[in-house]
There are 4 protein chains.
Amino acid sequence: MCRWAAWSGSPKYLEEIICDPEHSLIDQSRNALSCKTAVNADGFGVAWYGEREIPALYKDVRPAWSDPNLLQIARHVRSGHFLAHVRASTGTATTRDNCHPFTHGRWTFMHNGQIGGYDKVRRRLDNMIPDDLFRDRMGGTDSESLFLIALAYGLKQHPRAAMARAAFEAEALSKHTGSTPHMRFAAAWSDGETLYAARYASDAFPPTLYYREYADGVMIVSEPLDQARDCWMEVPKGHMIEVRAGTVRQTAFLSDEVPA
Amino acid sequence: MCRWAAWSGSPKYLEEIICDPEHSLIDQSRNALSCKTAVNADGFGVAWYGEREIPALYKDVRPAWSDPNLLQIARHVRSGHFLAHVRASTGTATTRDNCHPFTHGRWTFMHNGQIGGYDKVRRRLDNMIPDDLFRDRMGGTDSESLFLIALAYGLKQHPRAAMARAAFEAEALSKHTGSTPHMRFAAAWSDGETLYAARYASDAFPPTLYYREYADGVMIVSEPLDQARDCWMEVPKGHMIEVRAGTVRQTAFLSDEVPA
Amino acid sequence: MCRWAAWSGSPKYLEEIICDPEHSLIDQSRNALSCKTAVNADGFGVAWYGEREIPALYKDVRPAWSDPNLLQIARHVRSGHFLAHVRASTGTATTRDNCHPFTHGRWTFMHNGQIGGYDKVRRRLDNMIPDDLFRDRMGGTDSESLFLIALAYGLKQHPRAAMARAAFEAEALSKHTGSTPHMRFAAAWSDGETLYAARYASDAFPPTLYYREYADGVMIVSEPLDQARDCWMEVPKGHMIEVRAGTVRQTAFLSDEVPA
Amino acid sequence: MCRWAAWSGSPKYLEEIICDPEHSLIDQSRNALSCKTAVNADGFGVAWYGEREIPALYKDVRPAWSDPNLLQIARHVRSGHFLAHVRASTGTATTRDNCHPFTHGRWTFMHNGQIGGYDKVRRRLDNMIPDDLFRDRMGGTDSESLFLIALAYGLKQHPRAAMARAAFEAEALSKHTGSTPHMRFAAAWSDGETLYAARYASDAFPPTLYYREYADGVMIVSEPLDQARDCWMEVPKGHMIEVRAGTVRQTAFLSDEVPA
């Protein structure tokens, strides 16, 4: 399991989420609370949208708290739209290419969860990815597969349905060939304008997912960054939110029904 | 392109090949001579056979000359059978999982060369790898594919024919879908008892491959470690050698004919 | 604070201490029990004595659990005398040169503790180190200073008194210019034949230090590797042990009196 | 020896110096021309001035060409004032803390050169650094010493004289205790508003130093980034330049005379 946070709103220094809050992402990398693994120190990453059309991506394998370059970037880079992640490996190697977020053109994706029996379904998942996307497969995680499969299902045109379909098909594969729990899924993805996040599980234990509305933007997180519990809204299982221009819209993401 | 060296014989400190010779592997990582790329500094690796049944593996992404841990290991580890490699990426990322050698159980593989148009044939190559081997796919290189495909073709039972078949099929795929040069191949592989090395190309420019017989063992290299040119025997294109108990046997590896 | 373990006895694979025990050093790097900091993930190191006169040294900045090279070395290297350490920085940077153990010729040193107000006394500490040793100063920790100062005081001839004097002088400096607690000290050092370990503090809270005698050797640890609590002997504050040829001798290390 | 480049002018993406030119800094890290060492792959660094008062600093130990994070930062960060460096170690370790630039508050420093017999004068150099600056000494290079000594001599008030005095005193120390060549020096330093660069040697072989005036700014480099040789002005030995608001002023830096 992993921890992540994303922001859409007025430009903020990355450190305002990664380093500064009481229960910042760096604090969560040592002491996550609502998480199976308290230590999330198998790498980190941040993708931010700036002046260029495609996002910038900085990620590495060290614990977030011990990388002096991350602290520099967090202090000096300001962005109105960014996604940040600290990783606890569920089995795949601790390499930069296995760290989140993943990017493709304007699109960014990060994930907390797992596909049950990934070792047994990995090849079939990869086979859902067409050649022109497969050449961008860098590492070996289930998360990167999900992103590339969602891109194959038309993420850029149908950001909600394509991701739901990717999760659904991966779950179906796990039910056929893998093991339980078949799907645990809390993910965020973005094109730099709209920020999406969804929560799902094939059983009763979806990873946590919260958001909070501020005067100047919306934050989405794995777990709250402070103790103002009333301010953090929980996204219900099977639902997703999308944030655009400061407005949050909540919709169904995936249930036992096949997505359209 | 890359540079590599392997030893089968009396136990030697790794540094006797990696660091000490006039044109050691570390020297080749800065100043390779018979190589398209003079600088081979996109990672390194060494696999050695010791007291345990499976080989030990140390590899990383830094230039061989600047990794203080490599120098320590090279000075203190002694082995009668080892393979060492310095990498120059031909396009895939500089990550530990893309560094050579690769291992599987008792088996080790390292490679200098390329498959033409790898981006276009990567998925089909991966699909030659059965599920039980594919779960061990760590990185994204053509070299790791070749090793896993050779394992799928029975490398452990037929160390010569399986590797020849892997190279042949990969070349066929490149001829069908990829680009020229379809195959450049100089590789070494081993089970800790017999050391194999082969040289091949689909055109007139196979990567260089030499070996030298000493009183206490045999060394196989991409390029000679010293200027005693008469002592280094060149392996002809399309041929391979196998070294067991100090004896070198040269045989055909792959020609335009389909391997048996 | 940090965690460490050392072995003197029959050759053991490093993994028998680093990886395998219930509360192995890798486990302590995530979940230390008797330690201010539960996570000791700011680098690790191991020094082992083998066939060569000087020890081999492998250390790096990643958490011990996530470095695949460490796992390889721990599995394949066997030694009858080694020191291993996982680090939690008390302020200085997470760099390889700040990781323990430190070595000088045949000698090795590792440390858990701190000098109070190190920032204020650092230069004076450095000035206790003569030029011919100062050129070997690689990083910026108080621990490395203590080792070089002990060497300056004749560690190689007087392994007990020189270290006690180094600790004493550093404490005196902290009392003069630094801050409380002036000295917390649990360290091990060795020349490959005799293994020394000492426990001291300027206040009532010395870092923990235990040893255990086995049929084939002696282990010294920051905290026990398993729950066989009765087997682990605590070294009293102000005392040290030395282990040679399987025998443990306990003596005074440092009290409020000036060492001889 | 090392290679470096600095820019003062309109905001530029870092990649416009680091990656894009014909003979960019990344190209120089593989193929430096007017340099003793063609390969400058023992780390890199870049400091840039942005919205905050202090500069941002990104540096690491890998070759500049193989660090994917550097390429991301170079593509996405834009600054009107930055300093970038690729390192070839002259003996000290390849660690992040030994990479340039070095920073202190608003001030940045990077260097190509060496102090003759540094091993013998290192401690005396360190003793020129007062306690309140010495606590910021992170690594072990002569370059970092020079910067801290210049700060001790009042760099922030007297940016020209203090650096000249640091170079002069270090040279004097080398003449007294070190070895030839006593001083080779080509350095740049800045407070984010004025960019300074100086060239000096105790013998006839000062490291190269050039600058070029563009319509929108001034670039200073170790060696020209392209073949427009007529556009690059050489700074004479013993001289320095300062660039402020697009204007270059050349003055004496250091001769055999004691600086004021």
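In short, a report on the structure.

Thresholds, definitions, all that
- Residues numbered from 1 in each chain as written.
- Chains lettered and ligands numbered in written order.
- Predicted model: local features only at pLDDT ≥ 70, side-chain atom pairs only at ≥ 80, totals over all residues.
- Heavy atoms only, no water.
- Helix = DSSP H or I, 4+ residues; strand = E, 2+ residues; numbered from the N terminus.
- Polar contact = N/O pair within 3.5 Å; in protein donor to acceptor, adjacent residues only side chain to side chain.
- Contact = heavy atoms within 4.5 Å.
- Least-squares fit on C-alpha atoms with pLDDT ≥ 70 in both.
- Buried area = accessible area lost by both parts, 1.4 Å probe.
- Salt bridge = Lys/Arg side-chain N within 4 Å of Asp/Glu carboxyl O.
- Axes fitted to C-alpha atoms, helices over the stretch in contact; angles between N-to-C directions.
- Parallel < 35°, antiparallel > 145°, perpendicular 65-115°, else oblique.
- Left-handed = near helix turned anticlockwise from the far one by under 90°.
- Nonpolar A, V, L, I, M, F, W, Y, C, P; charged D, E, K, R; others polar.
- Disulfide = S-S within 2.5 Å.
- Buried < 20%, exposed > 50% of the residue type's maximum accessible area, 1.4 Å probe, protein only.
- 1 Å grid on protein atoms, 1.4 Å probe; cavity = no way out; pocket = protein on both sides within 12 Å on 5 of 7 lines; lining within 4 Å.
- Points joined across faces, edges and corners; volume = space filled by probe spheres on them.
- Pairing = 2+ DSSP bridges.
- Phe/Tyr/Trp six-rings, centres within 6.5 Å; stacked < 30°, edge-to-face > 60°.
- Lys NZ or Arg CZ within 6 Å of the ring centre and 35° of its normal.

## So, the side chain of Arg 137 of chain B
Then step 1. Positionally, Arg 137 of chain B belongs in the loop between helix H5 (131-134) and helix H6 (142-152).
Then step 2. Polar contacts involving the side chain of Arg 137 of chain B include one to the main-chain carbonyl oxygen of Thr 141 of chain B, which spans 2.9 Å.
Then step 3. In this structure, Arg 137 of chain B is in contact with Arg 122 of chain A together with Tyr 118, Arg 122, Asp 126, Glu 144, Ser 145 and Leu 148 of chain B, ignoring residues within four places of it in sequence.

## A closer look at the relation of the copies chain A and chain D
Then step 1. Mapping chain A onto chain D leaves a residual RMSD of 0.0 Å; the transformation is a rotation of 180 degrees accompanied by 0.0 Å of translation along its axis. On this basis, the relationship between the two copies can be described by a two-fold rotation axis. Among all residues of chain A, the one whose C-alpha sits closest to the rotation axis is Val 77 of chain A, at a distance of 4.2 Å.
Then step 2. Comparing interface residues between copies, 100% of those in chain A also sit at the interface in chain D, which points to an isologous, same-surface contact.

## Brief notes about the relation of the copies chain C and chain B
Then step 1. Expressed as a screw operation, the relation of chain C to chain B combines 0.0 Å of axial shift with a rotation of 180 degrees, fitting to an RMSD of 0.0 Å.
Then step 2. Comparing interface residues between copies, 100% of those in chain C also sit at the interface in chain B, which points to an isologous, same-surface contact.

## Quick notes on the interface of chain A and chain D
Then step 1. In this assembly, 19 residues from chain A lie in contact with 19 residues from chain D.
Then step 2. Across the interface of chain A and chain D, roughly 1900 Å² is buried in total on both sides, 47% from carbon and sulfur atoms.
Then step 3. Considering only the side of chain A, the residues that lose the most area to chain D are Arg 52, Asn 69 and His 76 of chain A, jointly responsible for 33% of the buried surface there.
Then step 4. At the junction of chain A with chain D, the criterion picks out four salt bridges.
Then step 5. With its nearest N and O atoms 2.9 Å apart, the salt bridge here joins Arg 52 of chain D to Glu 15 of chain A.
Then step 6. Along the contact surface separating chain A from chain D lie 16 residue pairs in polar contact (both at pLDDT 80 or more).
Then step 7. Looking at the side of chain A that touches chain D, the elements that each hand over two or more residues are strand S3 (56-60) and helix H3 (68-76) of chain A.
Then step 8. Per-element accounting of the side of chain A that touches chain D gives the leading share, six residues, to H3 of chain A.

## Quick notes on the packing of helix H4 (residues 118-127) of chain C against helix H6 (residues 142-152) of chain C
Residues and elements named next belong to chain C.
Then step 1. Between H4 and H6, the least distance of the axes is 11 Å, while the angle of their chain directions is 25 degrees. One element, H4, and the other, H6, form an angle in the roughly parallel class. Regarding H4 and H6, the two cross each other, and that crossing is left-handed. Two secondary-structure elements touch here, H4 through Tyr 118, Leu 125 and Asp 126 and H6 through Asp 142, Ser 145 and Ile 149.
Then step 2. Class assignment of the residues belonging to the contact of H4 with H6 gives a composition of three nonpolar, one polar and two charged.

## A few points about the interface of chain C and chain B
Then step 1. Taken together, the 19 residues of chain C in the interface contact 19 residues of chain B.
Then step 2. Summed over both sides, the interface between chain C and chain B buries roughly 1900 Å², with carbon and sulfur atoms accounting for 47% of that surface.
Then step 3. Looking only at chain C, the three residues that lose the most surface to chain B are Arg 52, Asn 69 and His 76 of chain C, adding up to 33% of its buried area.
Then step 4. The tally of links between chain C and chain B comes to four salt bridges.
Then step 5. On the surface where chain C and chain B come into contact, there are 16 residue pairs in polar contact (both at pLDDT 80 or more).
Then step 6. Broken down by secondary-structure element, the contributors of at least two residues to the side of chain C that touches chain B are strand S3 (56-60) and helix H3 (68-76) of chain C.
Then step 7. Here the side of chain C that touches chain B gets six residues from one element, more than from any other, and that element is H3 of chain C.
Then step 8. Its residues assigned to classes, the side of chain C that touches chain B comprises eight nonpolar, three polar and eight charged.

## Some remarks on the state of the cysteines
Residue and element names in this part refer to chain D.
Then step 1. Applying the stated criterion across every chain, the model contains zero disulfides over all chains.
Then step 2. The thiol sulfur of Cys 99 is not disulfide-bonded, and the nearest other cysteine sulfur, from Cys 2, lies at 9.1 Å.
Then step 3. On the accessibility criterion, Cys 99 (0% relative accessible area) is buried.

## Section: the layout of surface pockets
Then step 1. For the second largest pocket, the calculated volume is near 1300 Å³.
Then step 2. Every residue lining the second largest pocket is counted, 50 residues in all, and those nearest its centre are Asp 97 and Met 138 of chain C together with Gly 91, Thr 92 and Ala 93 of chain D.
Then step 3. When contributions to the lining of the second largest pocket are tallied by element, the ones reaching two or more residues are helix H3 (68-76) of chain B, S3, strand S5 (102-104) and H6 of chain C together with strand S6 (107-115) and helix H4 (118-127) of chain D.
Then step 4. Residue contributions to the lining of the second largest pocket peak at five residues, all from H3 of chain B.
Then step 5. Of the residues assigned to the lining of the second largest pocket, the class counts are 16 nonpolar, 18 polar and 16 charged.

## Comments concerning the side chain of Asp 126 of chain B
Then step 1. Relative to the helices and strands, Asp 126 of chain B resides in helix H4 (residues 118-127).
Then step 2. In this structure, Asp 126 of chain B is in contact with Arg 123 and Phe 134 of chain A together with Phe 134, Arg 137 and Ser 145 of chain B, ignoring residues within four places of it in sequence.

## Topic: the sheet that holds strand S12 (residues 239-244) of chain D
All names here are of chain D.
Then step 1. A sheet is described by the order of its strands in space; here six strands give the open sequence S5-S6-S7-S8-S12-S13, paired in antiparallel fashion. Two strands close off the open sheet at either side, each with one partner strand: strand S5 (102-104) and strand S13 (247-252). Strand-to-strand twist across the sheet, computed as the mean angle between neighbouring axes with direction ignored, equals 15 degrees.
Then step 2. In this sheet, S13 lies alongside S12 in antiparallel orientation, the contact comprising six bridges.

## Thoughts on the pattern of salt bridges
Residues and elements named next belong to chain D.
Then step 1. Per the counting criterion, the structure on display carries 60 salt bridges over all chains.
Then step 2. Measuring nitrogen to oxygen at the nearest pair gives 3.0 Å for the salt bridge that ties Glu 171 to Lys 175. Of this pair, Glu 171 and Lys 175 both sit in helix H7 (residues 159-177), four residues apart, roughly one helical turn.
Then step 3. On the accessibility criterion, Glu 171 (3% relative accessible area) is buried.

## Some details on the packing of aromatic side chains
Then step 1. All chains considered together, the criterion is met by 30 aromatic pairs over all chains.
Then step 2. Where Phe 109 of chain A meets Phe 147 of chain A, the ring centres are 5.4 Å apart and the plane angle is 5 degrees; that geometry is what we call stacked. Taken together, the residues Phe 109 of chain A in strand S6 (residues 107-115) and Phe 147 of chain A in helix H6 (residues 142-152) connect sequence positions 38 residues apart. Neither residue differs from the other here; Phe 109 of chain A and Phe 147 of chain A are each classed as buried.
Then step 3. Between the aromatic rings of Phe 185 of chain A and Phe 253 of chain A, the centroid separation amounts to 5.6 Å while the plane-to-plane angle is 10 degrees, which identifies the pairing as stacked. Of this pair, Phe 185 of chain A sits in strand S7 (residues 183-190) while Phe 253 of chain A sits in the segment after strand S13 (247-252), placing them 68 residues apart in sequence.
Then step 4. With relative accessibility at 0%, the residue Phe 185 of chain A sits in the buried group.
Then step 5. When its relative accessible area of 7% is taken as the criterion, Phe 253 of chain A is described as buried.
Then step 6. Put simply, the rings of Trp 107, Phe 185, Trp 189, Tyr 196 and Phe 253 of chain A pair up and form one aromatic cluster.
Then step 7. We note Lys 12 of chain C situated over the ring of Trp 7 of chain C; from NZ or CZ to the ring centre the distance is 4.4 Å.

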